[in-house]
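Notes for the structure review
This is what each chain is made of:
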Amino acid sequence: MGLLEIGRVVRPHGLRGEVVVELVTNRPDRLAPETLIAGPKGPLRITASRPFQARHLVQFDGVNTREQAELLRDFVLRAEPVAETDPDVLWVHELVGSEVRDAAGKPLGTVREVQDNPASDLLVLHDGGLIPCRFVVSSGQGVVTVDIPEGLLDPS
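An account of the accompanying structure is given in this report. This is a predicted model, so every value here is computed, not measured.

**Regarding the overall build of the protein chain**
If you tally the helices and strands in the protein chain, you get two helices and twelve strands. Seen through its C-alpha atoms, the protein chain measures out along the principal axes to roughly 55 × 35 × 20 Å. Pairs at least 24 residues apart make up 45% of the contacts formed inside the protein chain by residues separated by at least 6 positions. In the structure as shown, the protein chain presents an accessible area of about 9,700 Å², 50% of it carried by carbon and sulfur atoms. Taking the 16 positively charged and 23 negatively charged side chains of the protein chain as two groups, their mean positions are separated by 9 Å.

**Focus on the pattern of salt bridges**
Where charged atoms of side chains with opposite charge meet at close range, the side chains can pair. With the rule as written, the count across this model stands at nine salt bridges. Where E22 meets R8, a salt bridge forms, and the shortest distance between an N and an O atom there is 3.4 Å. Placement of the pair is E22 in strand β2 (residues 18-23) and R8 in strand β1 (residues 4-13), with a sequence separation of 14 residues. A residue is classified by how much of its surface remains accessible, and E22, at 32% relative accessible area, is partly exposed. Judged by relative accessible area, which is 27%, R8 ranks as partly exposed.

**With respect to the side chain of T35**
Positionally, T35 belongs in the loop between β2 and β3 (36-39). A distance of 2.7 Å separates a polar side-chain atom of T35 from the backbone oxygen of A32. Discounting residues that sit within four places of it in the chain, T35 has contacts with D29, R30, L44, R45 and I46.

**Comments concerning unusual backbone geometry**
Glycine aside, a negative phi is what most residues show, and trans is what most peptide bonds show. Unlike most non-glycine residues, E34 shows phi in positive territory, near 80 degrees. Topologically, E34 is positioned in the loop between β2 and β3. One non-glycine residue with positive phi stands out, namely D74, at about 65 degrees. Residue position: D74 is located in the loop between α1 (66-70) and β6 (76-79).

**A short note on the pairing of β2**
For β2, the buried fraction is high: five of the six residues fall into the buried class. Sheet topology note: the β1/β2 ladder contains six bridges and is antiparallel. Bridge pairing in β2 places V9 opposite V21. Adjacent in sequence and paired antiparallel, β1 and β2 are bridged by four residues, among which G14 carries a positive phi angle near 80 degrees. Where β2 lies against strand β5 (residues 55-60), three bridges are found, and the strand directions are antiparallel. Within β5, the position partnered with V20 by the bridge is L57.

**Side note on the sheet that holds strand β10 (residues 130-132)**
Taken in spatial order, the six strands line up as β10-β9-β8-β7-β12-β11 in an open sheet, and their pairing is mixed. Because the sheet does not close on itself, it has two edges, and the strands there are β10 and β11 (136-140). Each neighbouring strand pair of the sheet contributes to a mean axis angle of 35 degrees, computed without reference to strand direction. Here four bridges tie strand β7 (residues 99-102) to strand β12 (residues 143-146), and the two strands are oriented parallel to one another. Residue pairing in the sheet places E99 in a bridge with V143 of β12.

Reading guide: rules and limits
Residues numbered from 1 in each chain as written. Predicted model: local features only at pLDDT ≥ 70, side-chain atom pairs only at ≥ 80, totals over all residues. Heavy atoms only, no water. Helix = DSSP H or I, 4+ residues; strand = E, 2+ residues; numbered from the N terminus. Contact = heavy atoms within 4.5 Å. Areas by Shrake-Rupley, 256 points an atom, 1.4 Å probe, with all protein chains shown as cover. Lys, Arg positive; Asp, Glu negative; His and termini not counted. Charge placed at Lys NZ, Arg CZ, Asp CG, Glu CD. Salt bridge = Lys/Arg side-chain N within 4 Å of Asp/Glu carboxyl O. Buried < 20%, exposed > 50% of the residue type's maximum accessible area, 1.4 Å probe, protein only. Polar contact = N/O pair within 3.5 Å; in protein donor to acceptor, adjacent residues only side chain to side chain. Pairing = 2+ DSSP bridges. Axes fitted to C-alpha atoms, helices over the stretch in contact; angles between N-to-C directions.

See the structure below:
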């Protein structure tokens, strides 16, 4: 499996090289000090990070000025996947392209993307249907099983 997207540099912050990072993972530990991130010109090592509003402020080794931080604007942060032992963890890269079935095995569609949503991330089906991830019962081998309320996917 290759590197996974974990976030994006939004903009520089201050004069000493810090950047504002928007995570696309629910694991802020991906920004822990000493973590290596794939950078535009080789690996970047995180030296410090802290929550900032709904995002994070991150300092990279060797990025010490606002001008250096500006070069990272809009850069997509990628890192090695972490070993995960929790069977209830859902990985976006495994969900996209999967067939969605209800608890009885009836096909409901295919996952086109996973959309970030404050209440619950959403499985976006190819036909535009939306299923909150909290209704996912199981996933694996290209199939996502959901237990959704009656009428959730009915046209309005």
